[in-house]
Amino acid sequence: MTISITRAQQDQWQQTGYLKLTGFLTPDETRNLRDWVEEISEWPASDDQWMHHFEQTPAGIRLARTEYLLDFHSGIRTLLTSGKIPEYAGSLMGEPAVLYKEKINYKYPGGGGYAPHQDAPAYEFIHNHITCSIAIDAATPENGCLFFAPDLHRQGLLHLDEHGCIEPEFALTLNWEPVPMQPGDALFFSSYAPHKSPPNKTEQPRRTLYLTYNALAEGDRREEYYADKRRSLAEIGQTSAEKLQISKIGHFKGKPVERS
Ligand SMILES: O=C(O)CCC(=O)C(=O)O
């Protein structure tokens, strides 16, 4: 399949730093993906294979995120490493792209939101990268869809706080726009595009797949990234009494799991 991005799509991408493509996956692909995500969410916790992260919700301990899926699910591997997703990512980047990281954010009812941030500070090994998010469930402002502050992705890193997120006072001055999605929609965004999301205030999950690609010219750095991430999460610890750390930046506002 040859990917063609229209002039209007290119312009929107250049201007705002993000681009939503409705109906990106076919209904069959969307159904398969939802089934695969359900399978993955049943996998037991593992120390050295996939990476599950849990949070405390009003309904109990729930998965917040699973990362590092490729070696453990052939359907996911094929979808993420061949065909239209990497091709679109490469087209928007202007050069061939390779997968850097993959994650599912589940955002179950009561699941935490994300503070205003740019992804770039968390992705240390690469410079030229973009993320494709794919909605598994409909995403709305009520259940925690992404909000973007457009037109700021060419300004490098904005004012950051001690957690690597956008300074809260500065974030308040930005113009945030919700980007609701339907299952199977894709949303590509620059890793310098400021974004945030609220908690899920509904009774249904808001599951989303996030795939980050870097320019192949910078090399295939995924294993290096995950080895470093495992090391640093082990060092800093994933939880303290008040903060749940699921990334190298402290953007996640979910509650640490209460241990009895
Ligand atoms: O899933 C969300 O609500 C936000 C995710 C996000 O921004 C991230 O994982 O960096």
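Since we're looking at a predicted model, the values are computed, not measured.

K.L.:
Let's hear about the environment of asparagine 214: which residues, and what values?
P.N.:
With respect to the element layout, asparagine 214 can be found in strand E11 (residues 208-215). Exposure remark for asparagine 214: the relative accessible area of 0% places this residue in the buried category. Residues asparagine 214 and leucine 158 lie 56 residues apart in sequence; the distance between their C-alpha atoms is 21 Å. With near-sequence residues (within four places) excluded, asparagine 214 lies in contact with Met93, Pro96, Ala97, Val98, Leu99, Tyr100, Ile126, Asn128, His129 and Gly219.

K.L.:
Summarise the site of the ligand; cite the residues concerned and give the values.
P.N.:
In the vicinity of the ligand lie 14 residues, with Arg65, Lys107, Ser197, Arg206 and Tyr210 positioned nearest. Contacts to the ligand include lysine 107, whose side-chain N or O atom sits 2.9 Å from an oxygen atom. Within the side chain of arginine 206, a nitrogen or oxygen atom sits 2.7 Å from an oxygen atom of the ligand. Its free accessible area being 300 Å², the ligand has 99% of it covered by the protein chains. Those elements that place two or more of their residues in the shell around the ligand are strand E4 (97-105), strand E5 (114-117) and strand E10 (195-197). Class assignment for the residues of the shell around the ligand results in three nonpolar, six polar and five charged.

K.L.:
An account of empty space enclosed by the protein is requested, with residue identities and associated values reported.
P.N.:
Counting across every chain of the model gives four cavities of 30 Å³ or more. One number sums up the size of the largest cavity: a volume of about 130 Å³. Lining the largest cavity are 17 residues, and of these Lys103, Asn105, His117, His195 and Tyr210 sit closest to its centre. If you tally residues by element for the lining of the largest cavity, the top one is E10, at three residues. By residue class, the composition of the lining of the largest cavity is five nonpolar, seven polar and five charged. Approximately 40 Å³ is the volume attributed to the second largest cavity. Lining the second largest cavity are Arg65, Lys101, Lys103, His117, Asp119, Ala122, Tyr123, Ser247, Ile249 and His251. In terms of residue class, the lining of the second largest cavity is built from three nonpolar, three polar and four charged.

K.L.:
A description of the layout of surface pockets should follow, citing residues and the corresponding values.
P.N.:
The volume enclosed by the second largest pocket comes to roughly 200 Å³. Together, 13 residues line the second largest pocket, and Trp13, Asn128, Ile130, His153 and Ser190 are the ones closest to its centre. Where the lining of the second largest pocket is concerned, the elements lending two or more residues are helix H1 (7-16), helix H4 (84-93) and strand E6 (129-135). Its residues placed into classes, the lining of the second largest pocket shows five nonpolar, seven polar and one charged.

K.L.:
Could you give me a rundown of the pattern of salt bridges, with the residues and numbers involved?
P.N.:
Taken as a whole, this structure holds 13 salt bridges when the rule is applied. One salt bridge in this structure joins arginine 207 and aspartate 137, with 2.8 Å as the shortest N-O distance. Linking arginine 207 in the loop between E10 and E11 with aspartate 137 in the loop between E6 and strand E7 (146-148), this pair joins segments that are 70 residues apart in sequence. Accessibility assignment for this pair places arginine 207 and aspartate 137 in one class, buried. A salt bridge links arginine 222 to glutamate 223, with the shortest nitrogen-to-oxygen separation between them at 3.4 Å. Classification of glutamate 223 as partly exposed rests on a relative accessible area of 44%. What you see here is one network of salt bridges that share partners, running through Arg65, Glu67, Lys101 and Lys229.

About the cut-offs
- Residues numbered from 1 in each chain as written.
- Predicted model: local features only at pLDDT ≥ 70, side-chain atom pairs only at ≥ 80, totals over all residues.
- Heavy atoms only, no water.
- Helix = DSSP H or I, 4+ residues; strand = E, 2+ residues; numbered from the N terminus.
- Buried < 20%, exposed > 50% of the residue type's maximum accessible area, 1.4 Å probe, protein only.
- Contact = heavy atoms within 4.5 Å.
- Near = heavy atom within 4 Å.
- Polar contact = N/O pair within 3.5 Å; in protein donor to acceptor, adjacent residues only side chain to side chain.
- Areas by Shrake-Rupley, 256 points an atom, 1.4 Å probe, with all protein chains shown as cover.
- Nonpolar A, V, L, I, M, F, W, Y, C, P; charged D, E, K, R; others polar.
- 1 Å grid on protein atoms, 1.4 Å probe; cavity = no way out; pocket = protein on both sides within 12 Å on 5 of 7 lines; lining within 4 Å.
- Points joined across faces, edges and corners; volume = space filled by probe spheres on them.
- Salt bridge = Lys/Arg side-chain N within 4 Å of Asp/Glu carboxyl O.

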